[in-house]
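Listed below, chain by chain, are the residues.
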Amino acid sequence: MGLIRAVMDTAFWKGRQKRKPLGPRWPLLLFHVDTGGCGGCGMELQAMTCLPYDMQGAGFGFVTSPRSADVLLVTGPLTRTMAPVLQAAWEAMPDPKGLISVGACALDGGLFGENYAVMGGLERRVSVDLAIAGCPPSPQEILNGLCALLGSAAQGKEKETPSRG
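Cut-off values and rules
- Residues numbered from 1 in each chain as written.
- Predicted model: local features only at pLDDT ≥ 70, side-chain atom pairs only at ≥ 80, totals over all residues.
- Heavy atoms only, no water.
- Helix = DSSP H or I, 4+ residues; strand = E, 2+ residues; numbered from the N terminus.
- Contact = heavy atoms within 4.5 Å.
- Areas by Shrake-Rupley, 256 points an atom, 1.4 Å probe, with all protein chains shown as cover.
- pLDDT = per-residue confidence, 0-100.
- Buried < 20%, exposed > 50% of the residue type's maximum accessible area, 1.4 Å probe, protein only.
- Pairing = 2+ DSSP bridges.
- Core = buried A, V, L, I, M, F, W, Y, C linked by side-chain atoms within 4.5 Å.
- Salt bridge = Lys/Arg side-chain N within 4 Å of Asp/Glu carboxyl O.
- 1 Å grid on protein atoms, 1.4 Å probe; cavity = no way out; pocket = protein on both sides within 12 Å on 5 of 7 lines; lining within 4 Å.
- Points joined across faces, edges and corners; volume = space filled by probe spheres on them.
- Nonpolar A, V, L, I, M, F, W, Y, C, P; charged D, E, K, R; others polar.

A closer look at the overall build of the chain
Right, so step 1: Looking only at helices and strands, the chain features six helices and seven strands.
Right, so step 2: Each helix (α) and strand (β) of the chain, taken in turn from the N terminus, gives the series α-β-α-α-β-β-β-α-β-α-β-β-α.
Right, so step 3: Nonlocal contacts in the chain, meaning residues at least 24 apart in sequence, comprise 78% of its contacts between residues at least 6 apart.
Right, so step 4: Summed over all atoms, the accessible surface of the chain reaches about 9,800 Å², with 57% contributed by carbon and sulfur.

In structure tokens, the structure reads:
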């Protein structure tokens, strides 16, 4: 078992530094809702949980209930069927909460135009805290976006806190 771990570490972690959690609360808990589409973004999110992307080490984790989530992560275009589900998930989340759209479909509808079944993307309907573009975005792009969001939140908090001296 030790030999397999050494080979995997050498193959995937060579030259990589482990990321340090950036935010005040670690890990930042994400609840994923796929509102429709091809499923490509969902597969990239699943890939983020495996090597070589250290999602847990970077300070993020997925939860199965919106009641324990900090951020709602949405993939796919907003369909009329999933709109009430998305609304219920948002309302079940405790405050403070955030909204992240992953992929072109979640942001502006992507390939799926507005019609009788699809309402389009989230950008014209609600305020999105972070939009990660791409069709689909790579796991590294998603992780970089999440880290940038956490980093900007941590920097903003440092600026707001008066210094003692």
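Things to note about the confidence of the model for the chain
In regions of low pLDDT, the predicted coordinates are not meant to be interpreted in detail.
Right, so step 1: Overall, the predicted model of the chain reaches an average pLDDT of 76, with 76% of residues at or above 70.
Right, so step 2: Of all the helices and strands in the chain, helix α1 (residues 2–13) carries the lowest mean pLDDT, 55, while strand β3 (residues 71–75) carries the highest, 90.
Right, so step 3: When the criterion is pLDDT under 50, residues 14–24 qualifies, and its contacts beyond four places in sequence or with other chains add up to 22 contacts.
Right, so step 4: Confidence drops under a pLDDT of 50 for residues 154–165, and excluding neighbours within four residues, the segment shows two contacts in the predicted structure.

Topic: the pairing of strand β1 (residues 28–34)
Right, so step 1: Among the seven residues in β1, five count as buried, and that is most of the element.
Right, so step 2: With five bridges connecting them, β1 and β3 associate as parallel partners. Looking across to β3, one finds that Asp 34 is bridged to Thr 75.

A short note on the nonpolar core
Right, so step 1: With 19 residues, the main nonpolar core has Leu 30, Met 48, Phe 60, Ile 100, Val 102, Ile 142 and Leu 146 as its most contacted residues.
Right, so step 2: At the level of secondary structure, the elements contributing two or more residues to this core comprise β1, α2 (40–48), α3 (55–58), β3, β5 (98–102), β7 (130–132) and α6 (139–160).
Right, so step 3: In terms of residues, this core owes the most to one element, α6, which gives five residues.
Right, so step 4: Leave out the neighbours within four places in its chain, and Ile 100 touches Val 71, Leu 72, Leu 73, Val 74, Val 128, Leu 130, Ile 132, Leu 146 and Leu 149.
Right, so step 5: Counting residues in each nonpolar core, the second largest holds 15 residues, with Leu 29, Val 74, Leu 86 and Ala 89 among its members.

Focus on the pattern of salt bridges
Right, so step 1: Scanning the entire structure with this criterion turns up one salt bridge.
Right, so step 2: Linking Lys 97 and Asp 95 is a salt bridge whose minimum nitrogen-to-oxygen distance equals 3.9 Å.

Description of empty space enclosed by the protein
Right, so step 1: Per the stated rule, a full pass over the model turns up one cavity of 30 Å³ or more.
Right, so step 2: Roughly 100 Å³ of volume is contained in the largest cavity.
Right, so step 3: Cys 38, Gly 39, Gly 40, Cys 41 and Cys 105 are, among the 16 residues lining the largest cavity, the residues nearest its centre.
Right, so step 4: Elements that contribute at least two residues to the lining of the largest cavity include exactly α2 and α5 (104–108).
Right, so step 5: Here the element with the most residues in the lining of the largest cavity is α2; it accounts for three residues.
Right, so step 6: By residue class, the composition of the lining of the largest cavity is six nonpolar, nine polar and one charged.

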